[in-house]
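Observations on the model geometry
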There are 2 protein chains.
Amino acid sequence: MKQSILEMLRSGEYVSGEKISRKLGISRAAVWKHIKALREEGYDISSSTNRGYCLTAPPDKITEYEIKTGLKTSVMGQNVKYVRSTDSTNNEAKRHCDEPDGTLFTAETQTGGKGRLGRAWTSPEGGGIWMSLLLKPLIPPSRAPEITLIAGLAVCRALEEFGAQIKWPNDVVINGKKVCGILTEMSAEMERVNYIICGMGINVNISEFPGEIADKATSLRIETGKSYARAPIIRRVTEEFEPLYGEYLKNRLKNIIAGYERLCVNIGRRVSVLYDSGAVTGTAVGIAEDGRLIVDIGGENRIYVSSGEVSVRGVYGYV
Amino acid sequence: MKQSILEMLRSGEYVSGEKISRKLGISRAAVWKHIKALREEGYDISSSTNRGYCLTAPPDKITEYEIKTGLKTSVMGQNVKYVRSTDSTNNEAKRHCDEPDGTLFTAETQTGGKGRLGRAWTSPEGGGIWMSLLLKPLIPPSRAPEITLIAGLAVCRALEEFGAQIKWPNDVVINGKKVCGILTEMSAEMERVNYIICGMGINVNISEFPGEIADKATSLRIETGKSYARAPIIRRVTEEFEPLYGEYLKNRLKNIIAGYERLCVNIGRRVSVLYDSGAVTGTAVGIAEDGRLIVDIGGENRIYVSSGEVSVRGVYGYV
């Protein structure tokens, strides 16, 4: 019902309470109750005794309605769980892991957002896209890391107009600075995955970062000077993700890897592979089918680098 | 305080309420309250106006006190979470995954006990040991399956006097029938494990199984005609587990594998490896360091079998 009301107000013109009441077959009091609920969700709706209701500003909302309007997928994001605030959308998904495959969890803000290896992730209210996809593929746990590649590739393609690239394994960067981080988690038996949660944090309208990370992090707003509605970007990510995931489930990784390599900022560049016992420098030459980075260390020797074992640093600054 | 009272009653003689009250420095009313709580936990304590309290039957309890009394470990099982009934001790552990490394979860009965691949597992009240160890090793997810071997080996050694053997990967059998199933689950990022839950179900005092599984399942009682107190068996499993786990964390798998192979019922026997596309028959010749079963299929060809990919059946009945 709220969605039907939103659709009537979407033109930006005033619509009388009586007209809404008549069209939707509900009482004037019910209309008022829904308008109140919409305002609580953050919609900027003004009311006038004579003219009715009007949606004042084009909303930058990421509620179920905003995301699903015009979403061109068959599974991914067709079930949306939106909350205004949560500890993290990954935790939200864990708590609701009985929801179906492809459920999308979003929040305006995360109070305990996390990056890989427990690192903190800042998630200011409305400043970005904090989303998690709940996936239920029939795979052994060993195949889970490939999901991370897919997520990186999907986000990168969704942000292609901004010149986004992937920093192996799954940071998305613009001009060498991180615009998106991905945290994939799983619950699994030894033989099969129970579920995978693919969390993505995209910095959209954040206007600046504190000093210590200002040279490493960026947002679409910092890069372009403009703000962006988030729901269309969420749709784009979801629409890019779905077909890649479909190929993955059919074991057709070749195209995915090729697509990934094209957008991977490390390929062809010098990287330093940091083991506990020391560092090896070489040239990143490709991505293996299991997601490992292939590094040519000279003399026809190649090493295959898993993200868990080592960290990789470019020899040209952050990336 | 309850534990101190239990210790005083453990002799089986009557102890007066006044004596308990004096020794522990608590009021007679407090003594009574603790006795009441102990009875609710299932302790069979009789009371007599003149003589005091007496622990009537040697209890077959698996509460924290019963398990920890005499437990010779430094970490494993030093924190016990006991509930009378739960859906499954693995789920109980998931809900309390903030508890420390080595926490042991036990229950008298599970209402939704599960085996591998979602198969149902019967857990009648008091009929067996339904326990889960919460582990927090600093390892990548790819090393998790080895934990399953360790658990199988620990249970098998704890039941060695009953002639227990391991059916690869992690069933424990007596005379070819399953006496213990192990379900290992994990929560992980792609690079590191958040936690592992090692669930073990041991059939102890179950007197019979329904027809359809009677030829596949057994219990200590069925094998020996006697009942057993469960807490000492839990201690033994935990005490066998701890040093194996320590070796594992130090990457010293060789001894573990050798110990496993000695008790593995499959080694040296014909097995049939069932792939989706067909079956291969060969002789199981060993266990690889990553836990895979090595099967000699003739002509110097060996295949390495992961439990997730295929199922293995002996060509001599169930095992």
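In what follows, the structure referred to is the one given above.
Given the structure is predicted, the values throughout are model-derived calculations rather than measurements.

Calculation rules
- Residues numbered from 1 in each chain as written.
- Chains lettered and ligands numbered in written order.
- Predicted model: local features only at pLDDT ≥ 70, side-chain atom pairs only at ≥ 80, totals over all residues.
- Heavy atoms only, no water.
- Contact = heavy atoms within 4.5 Å.
- Buried area = accessible area lost by both parts, 1.4 Å probe.
- Salt bridge = Lys/Arg side-chain N within 4 Å of Asp/Glu carboxyl O.
- Polar contact = N/O pair within 3.5 Å; in protein donor to acceptor, adjacent residues only side chain to side chain.
- Helix = DSSP H or I, 4+ residues; strand = E, 2+ residues; numbered from the N terminus.
- Pairing = 2+ DSSP bridges.
- Buried < 20%, exposed > 50% of the residue type's maximum accessible area, 1.4 Å probe, protein only.

1. Digging into the interface of chain B and chain A
Listed by partner, the interface residues are 21 residues for chain B and 21 residues for chain A. Summed over both sides, the interface of chain B with chain A buries roughly 1,800 Å², with 53% coming from carbon and sulfur. Three residues stand out in chain B for area buried against chain A, namely Met186, Met190 and Glu191 of chain B, and they jointly supply 39% of the buried area on that side. Inspection of the region where chain B meets chain A yields zero salt bridges. For the interface between chain B and chain A, the tally reads four residue pairs in polar contact (both at pLDDT 80 or more). Elements with a minimum of two residues in the side of chain B that touches chain A: helix H6 (145-158) and strand E8 (177-189) of chain B. The leading source of residues in the side of chain B that touches chain A is E8 of chain B, at seven residues. As defined by bridge partners, strand E8 (residues 177-189) of chain A adjoins E8 of chain B across five bridges and the pair is classed as antiparallel. Bridge assignment links glutamate 185 of chain A to a residue of E8 of chain B, and that residue is glutamate 189 of chain B.

2. Considerations on the environment of glycine 115 of chain A
Its place among the elements puts glycine 115 of chain A in the loop between strand E4 (103-110) and strand E5 (128-135). Between the C-alpha atoms of glycine 115 of chain A and glycine 259 of chain A, which are 144 residues apart in sequence, the distance is 24 Å. Beyond its immediate stretch of four places on either side in the chain, glycine 115 of chain A contacts Ala120, Trp121 and Leu183 of chain A together with Glu189 of chain B.

3. Overview of the pattern of salt bridges
Residues and elements named next belong to chain A. According to the stated counting rule, one finds 30 salt bridges over all chains in the structure shown. Where glutamate 64 meets lysine 68, a salt bridge forms, and the shortest distance between an N and an O atom there is 3.4 Å. With glutamate 64 and lysine 68 both in helix H4 (residues 64-68) and four residues apart, the pair spans about one turn of that helix. For glutamate 64, a relative accessible area of 30% corresponds to the partly exposed category. Ionic pairing is found between arginine 84 and glutamate 125, a salt bridge with its closest N-O pair at 3.1 Å. Taken together, the residues span a long stretch of sequence, with arginine 84 in strand E3 (residues 80-86) and glutamate 125 in the loop between E4 and E5 at a distance of 41 residues. Here arginine 84 falls in the partly exposed class, since its relative accessible area comes to 39%. We classify glutamate 125 as partly exposed; its relative accessible area is 46%. Residues participating in the shared-partner salt-bridge network are Asp60, Lys61, Glu108 and Arg230.

4. Overview of the environment of isoleucine 20 of chain A
Residue and element names in this part refer to chain A. Residue position: isoleucine 20 is located in helix H2 (residues 17-24). Each C-alpha atom, one on isoleucine 20 and one on valine 31, is 7.1 Å from the other, the two residues being eleven residues apart in sequence. Excluding anything up to four places from it in sequence, isoleucine 20 contacts Ile5, Met8, Leu9, Val15, Gly25, Val31 and Tyr53.

Everything listed here is a matter of coordinates, which is why it stays silent on function.
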